[in-house]
Amino acid sequence: MKKRWKEQGRKNKFSAKSVEEFQEWKESVRQILKELIGLDRMESCSLNPQCLERVEIEDGIIREKILIQVEPEVYMPVFVLIPPKKGEEKLSCFLAPCGHMGAGKYSVAGVRDIPAVADKIELFHYDYGLKMAKLGYVALCPDARGFGERREKALQGAEEDEFINSTCFHLAHMAEPLGMTLAGMNTWDLMRLLDYVEERGEWDINTIGCVGFSGGGMQALWLSALDDRVKKIIISGYFYGIEDSLLKLNGNCSCNYVPHLWEHVDMGDLGALLAPRPLMIQSGREDHLNGEKGLKNVEEQLLVVKDAYNLFGMEDRIFHDVWDGGHCFHQEHIEGFLMR
Ligand SMILES: [Zn+2]
């Protein structure tokens, strides 16, 4: 497989030498990626938004639980954390997709009164949605397919290990033979969430960001790579070369494995599609998911991304936040990054 990757991988890598070449490459590679992840197979419909719950949690933050229809008869529950408004300006938003082993939106929205969720928030600093709301942003924290309230039958029990877990494996088995993928379905659902923000009209639609850790970082990467409505991106604990982190480390969750993807791009090429939007990549020096080369496997991919930003003269819009810890979200420099 390593030999095959070397010989046949990355056919559509980023190699543009001008902004014009970049735009051409971006358009053509986006089309390929949309087909690979099955985005063109998704069905649109009206969002039919419903608000199921509205409570005040802390610091004056309102938590709404909304339900939107993302495909006909497919519904996505979302916690929307709305901070108090300061002044006349519309609030900015952050989409905050979830990673694994945190019960989907529950850990991201900081629902600590569930003990299993509180444990995962301690372990991974998983409550980045709530943290964004505390910084004054509206944080939209959805359940990805297979997570939280969207688990498939195999893991729908109320016991902790099932509640915390996700059914990516089962979904991938059903979806892929039908030409669909988890990457595609979750990217689609996040695009529908962007539609919802636009439709609701209460918040600034020109400054929407996306933040995600681990599997949430993967979703943030895919969404931002394919949708320019995302204007700033924070990807934590998910950015590294495919060969070391997904081919040699081949026991990761099914949602990482898109049929035929590696024949076309490496992760740095996906990252290049974010240029020139403000981008923070967070890496833990000790994160085992970086693979055998450690941080070098991240830096190599970032060089590709930097080449793309350089075409715009905007390399300074990339901020690589490295800390000495392992696989967890890192809050320290978020505010500074957003003020830049
Ligand atoms: Zn997964």
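Below: a short report on this structure. The residue numbering used here restarts from 1 in each chain and proceeds along that chain's sequence as written. Where local features are concerned, this predicted model is filtered to residues with pLDDT of at least 70; where side-chain atom pairs are given and counted, the filter is 80 or more; whole-chain, interface and lining totals use all residues. Hydrogens and water are ignored here; the side-chain numbers use all heavy atoms of the structure.

**Describing the overall build of the protein chain**
- For the purposes of this entry, the term helix denotes a DSSP run of H or I that reaches at least four residues, the term strand denotes a run of E that reaches at least two, and both are numbered from the N terminus. Within the protein chain, the secondary structure is distributed over 14 helices and nine strands.
- For a compact globule of 340 residues, the expected C-alpha radius of gyration is about 20 Å, and the protein chain comes in at 19 Å, within 12% of that figure.
- By its C-alpha atoms, the protein chain is 55 × 45 × 40 Å across when sized along the principal axes.
- Considering the protein chain as a whole, with its 340 residues, one finds that 58% of them fall into the buried category.
- Counting only contacts in the protein chain whose residues sit at least 6 apart along the sequence, the fraction spanning at least 24 positions is 70%.
- Here the protein chain displays about 14500 Å² of accessible surface, and carbon together with sulfur accounts for 49% of that area.
- In the protein chain, which carries 40 positive and 54 negative side-chain charges, the distance between the mean positions of the two groups comes to 3 Å. Note that the radius of gyration is over C-alpha atoms, with the globule rule given as 2.2 Å times the number of residues to the power 0.38. Any residue under 20% of the maximum accessible area for its type is buried, any over 50% is exposed, and the rest in between are partly exposed; the area is computed with a 1.4 Å probe on protein chains only. In what follows, residue pairs with any heavy atoms lying within 4.5 Å of each other are defined as contacts. Accessibility throughout is a Shrake-Rupley quantity obtained with a 1.4 Å probe, and a residue counts as covered only by protein chains that appear here. Counting rule applied: Lys, Arg positive; Asp, Glu negative; His and chain ends not counted. In this description, the location of a charge corresponds to atom NZ of lysine, CZ of arginine, CG of aspartate or CD of glutamate.

**Thoughts on the coordination of the zinc ion**
- The rule for donors is simple: an N, O or S atom within 2.8 Å of the metal counts, and for Na, K and Ca the reach is 3.2 Å. Water is not among the atoms, so a site may look short of donors. Listed as protein donors to the zinc ion are His100 (NE2), Cys168 (SG), Cys253 (SG) and Cys255 (SG); their distances from the metal cover 2.0 to 2.3 Å.
- The motif formed by the donor residues of the zinc ion, counted along the single chain, is H-x67-C-x84-C-x1-C. Of the two residues, His100 is situated in the loop between strand E4 (93–95) and helix H3 (105–108) and Cys168 in helix H7 (residues 168–175); the sequence distance between them amounts to 68 residues. Cys168 shares its class with His100; the two are buried.

**Brief notes about the pairing of strand E3 (residues 74–82)**
- Most of E3 sits inside the fold, with seven of its nine residues counted as buried.
- One bridge is not enough; two strands pair if DSSP finds at least two bridges between them. Bridge count for strand E2 (residues 62–71) against E3 is nine bridges, and the pairing is antiparallel. Residue pairing for E3: Lys65 is matched across the bridge by Phe79.
- Count of turn residues in the E2/E3 antiparallel hairpin: two residues, of which Glu73 carries a positive phi of about 65°.
- In this sheet, strand E5 (residues 138–142) lies alongside E3 in antiparallel orientation, the contact comprising four bridges. In the strand pairing of E5, Phe79 is matched with Cys141.

**Details of the sheet that holds strand E7 (residues 232–236)**
- The nine strands lie next to each other as E1-E2-E3-E5-E4-E6-E7-E8-E9, forming an open sheet whose pairing is mixed. At either end of the open sheet lies a strand with only one pairing partner, and these are strand E1 (50–56) and strand E9 (318–323). Neighbouring strand axes in the sheet, compared pairwise and without regard to direction, differ in orientation by 20° on average.
- Strand contacts of helix H9 (residues 215–226): E4, strand E6 (209–213) and E7, with the helix running at about 150° to E6, the strand carrying the most contacts. Each axis is a line fitted through C-alpha atoms, taken for helices only over the stretch in contact, and angles between the N-to-C directions span 0 to 180 degrees.

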